[in-house]
Amino acid sequence: MSAPLLVRACRREAVERTPVWFMRQAGRCLEEYRALRERHGILEIARTPELCARVTAMPVERLGVDAAVLYADIMLPLDGMGVPFHIAPDVGPIVERPVRSAADVAALRVVAAEEATPYLFETIRALRRDLRPETALIGFAGAPFTLASYLIEGRPSRDHALAKWLLFGEPALWDRLMRTLVEVLSRYLVAQVDAGVDVVQLFDSWAGALAPADYARAVLPHTREVFRRVGARVPRIHFATGNPALTEPFAETGAEVVGVDWREPLDLAWARIGALGIQGNLDPAVCLAPFAVVRDAARDVLRRAGGRPGHVFNLGHGVLPATDADTLARLAALVREETAAAVPA
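Residues numbered from 1 in each chain as written. Predicted model: local features only at pLDDT ≥ 70, side-chain atom pairs only at ≥ 80, totals over all residues. Heavy atoms only, no water.

(A) Inspection of the overall build of the chain at higher detail. Of the regular secondary structure elements, the chain holds 17 helices and nine strands. On C-alpha atoms alone, the chain measures out to a radius of gyration of 19 Å, which is about the 20 Å that the 2.2 N^0.38 rule sets for 345 residues. Summarising its shape, the C-alpha atoms of the chain cover approximately 60 × 45 × 40 Å along the three principal directions. Accessible area of the chain: about 13,700 Å², with a carbon and sulfur share of 53%. (Helix = DSSP H or I, 4+ residues; strand = E, 2+ residues; numbered from the N terminus. Rg over C-alpha atoms; globule rule 2.2 N^0.38 Å. Areas by Shrake-Rupley, 256 points an atom, 1.4 Å probe, with all protein chains shown as cover.)

Shown next, in the form of structure tokens:
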């Protein structure tokens, strides 16, 4: 049996059409998910395999996408590290005891991934049994820098001042924290692959806050080490956002695919990353507009991809909560139909 379409595209094989999925498609804009959220919290759903599998699978039929992405939170590895956290409405993750000293870093636990988040791997195994073989299952983790920022800041930050204070002012301690996160995150992703995911994506949501030289010196080696330890059993996607000046370094992590946001035209970004696959990159806010606008913007992305092997259609970041699910379903259908029509018979 051939691999799922997404897997083959990530490997830059010639495919019958461009695969499409949307970051944060599991939930957000779906009525069924909102009904579930009236009774259950985000972390409760993520930590309950039956609920997590149900939410993960919801968008596949409803939106017509080629992959299911785990309904999880990038903070979940903290469960095994002994770091209490919660999700505050309209704020995001809150770390109850931020990590800012050598003693704090030394106290972080590194345990087997199955011990840290057993519920996640139970969810993956259930999904792999129930999803159709052609539907890829995407696992993911937050990248070391983004997890470090949350740990140090204690909450989402605009300027990442405390994280940068540690990076610049205590380089040895910063390196110790990052090496601990590399160990935790690589175990976490390897266990996801062992449980049955077809693709993994590493989210570095805050890496764009760094200057290129600082990213290359203090972050890139650690991100590269995570991908090295995960290995190439499944395709690996690296997604970071916010700073086109970092496009080339973002492509140096060892991943097969680079996810790019909407701040740089896809063809220009692809020229800069070289012989890798690319994922993206429609502005999520476009999906709030009338569908004629969405259609034209999507066609521009596809035009820039030019039918070349290695393109995965996605948004340049996650689905916005106000997005109409019908818009995403129509968008997925447009990508399927127009790219299939462009493939020579």
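(B) Main features of the packing of helix H9 (residues 144–153) against helix H10 (residues 161–169). H10 packs onto H9 with a crossing angle of 110 degrees between their chain directions and a minimal axis gap of 8 Å. With respect to their mutual orientation, H9 and H10 come out roughly perpendicular. On H10, the residues that touch Phe-145, Ser-149, Ile-152 and Glu-153 of H9 are Ala-161, Leu-162, Ala-163, Leu-166 and Leu-167. Per-class residue counts for the contact of H9 with H10 are seven nonpolar, one polar and one charged. (Axes fitted to C-alpha atoms, helices over the stretch in contact; angles between N-to-C directions. Parallel < 35°, antiparallel > 145°, perpendicular 65-115°, else oblique. Contact = heavy atoms within 4.5 Å. Nonpolar A, V, L, I, M, F, W, Y, C, P; charged D, E, K, R; others polar.)

(C) Examining the nonpolar core more closely. Membership of the largest hydrophobic core comes to 126 residues, with the highest contact counts inside it found for Phe-22, Trp-174, Phe-313 and Leu-331. With 13 residues, helix H11 (residues 171–195) is the single largest residue contributor to this core. The contacts of Phe-313, once residues within four sequence positions are left out, are Thr-18, Pro-19, Val-20, Trp-21, Phe-22, Gly-280, Leu-282, Ala-298, Val-301, Leu-302, Leu-331 and Val-335. (Core = buried A, V, L, I, M, F, W, Y, C linked by side-chain atoms within 4.5 Å. Buried < 20%, exposed > 50% of the residue type's maximum accessible area, 1.4 Å probe, protein only.)

(D) Region of the structure containing the pattern of salt bridges. Evaluation of the coordinates by the stated rule reveals 26 salt bridges. Across the salt bridge formed by Arg-132 and Glu-61, the nearest N and O atoms sit 2.4 Å from each other. Of the two residues, Arg-132 is situated in the loop between helix H8 (118–130) and strand S4 (136–142) and Glu-61 in helix H4 (residues 49–64); the sequence distance between them amounts to 71 residues. What makes Glu-61 exposed here is its relative accessible area of 58%. Note that Asp-194 and Arg-233 form a salt bridge whose closest N and O atoms lie 2.9 Å from each other. Highlighted residues: Asp-194 in helix H11 and Arg-233 in the loop between helix H13 (220–230) and strand S6 (236–240), separated in sequence by 39 residues. Taken together, the salt bridges that share partners define one network made up of Glu-183, Arg-187, Glu-225, Arg-228 and Arg-229. (Salt bridge = Lys/Arg side-chain N within 4 Å of Asp/Glu carboxyl O.)

(E) Geometry of H8. When the terminal C-alpha atoms of H8 are compared, their 19 Å separation across 13 residues agrees well with the 18 Å that a helix rising 1.5 Å per residue should span. Every buried residue of H8 is listed here: Tyr-119, Leu-120, Phe-121, Thr-123, Ile-124, Ala-126 and Leu-127. Contact partners of the buried residues in H8: helix H3 (42–46), H4, helix H5 (78–81), helix H7 (113–116), S4 and H11. (Expected span 1.5 Å × (residues − 1).)

(F) Focus on the sheet that holds S4. The seven strands are arranged S1-S4-S5-S6-S7-S8-S9 in an open sheet whose pairing can be described as parallel. Sheet topology places strand S1 (67–69) and strand S9 (311–315) at the edges, where each strand pairs with a single neighbour. For this sheet, the mean angle separating the axes of adjacent strands, direction not counted, is 25 degrees. Pairing geometry for strand S5 (residues 199–204) and S6, over five bridges, is parallel. Within the sheet, the bridge partner assigned to Phe-203 lies in S6 and is Phe-239. Against the sheet, H11 touches S4 and S5, its axis set at about 170 degrees to S4. (Pairing = 2+ DSSP bridges.)

(G) Seen up close, the packing of aromatic side chains. As enumerated under the stated definition, the model contains seven aromatic pairs in all. Note on Tyr-215 and Phe-250: the rings are 5.2 Å apart at their centroids and 85 degrees apart in plane angle, and the pair reads as edge-to-face. Of this pair, Tyr-215 sits in helix H12 (residues 212–218) while Phe-250 sits in helix H14 (residues 247–250), placing them 35 residues apart in sequence. Residues Tyr-215 and Phe-250 agree in their burial class; the two are buried. Here the aromatic cluster, defined as three or more aromatic residues joined through ring pairs, consists of Phe-140, Phe-203 and Phe-239. Geometry around Trp-262 places Arg-263 over its ring, the cationic atom sitting 4.3 Å from the centre. Here Arg-330 stacks its cationic end above the ring of Phe-291, 4.0 Å away from the centre of that ring. (Phe/Tyr/Trp six-rings, centres within 6.5 Å; stacked < 30°, edge-to-face > 60°. Lys NZ or Arg CZ within 6 Å of the ring centre and 35° of its normal.)

(H) Layout of unusual backbone geometry. Residues Gly-280 and Asn-281 are joined by a peptide bond in cis, for which omega reads -10 degrees. Within the secondary structure, Asn-281 is located in strand S8 (residues 277–282). The phi torsion at Arg-24 lies on the positive side, around 60 degrees, for a residue other than glycine. Note that Arg-24 resides in the loop between helix H1 (5–10) and helix H2 (31–37).

Functional significance is not addressed by these values, which are geometric in nature.
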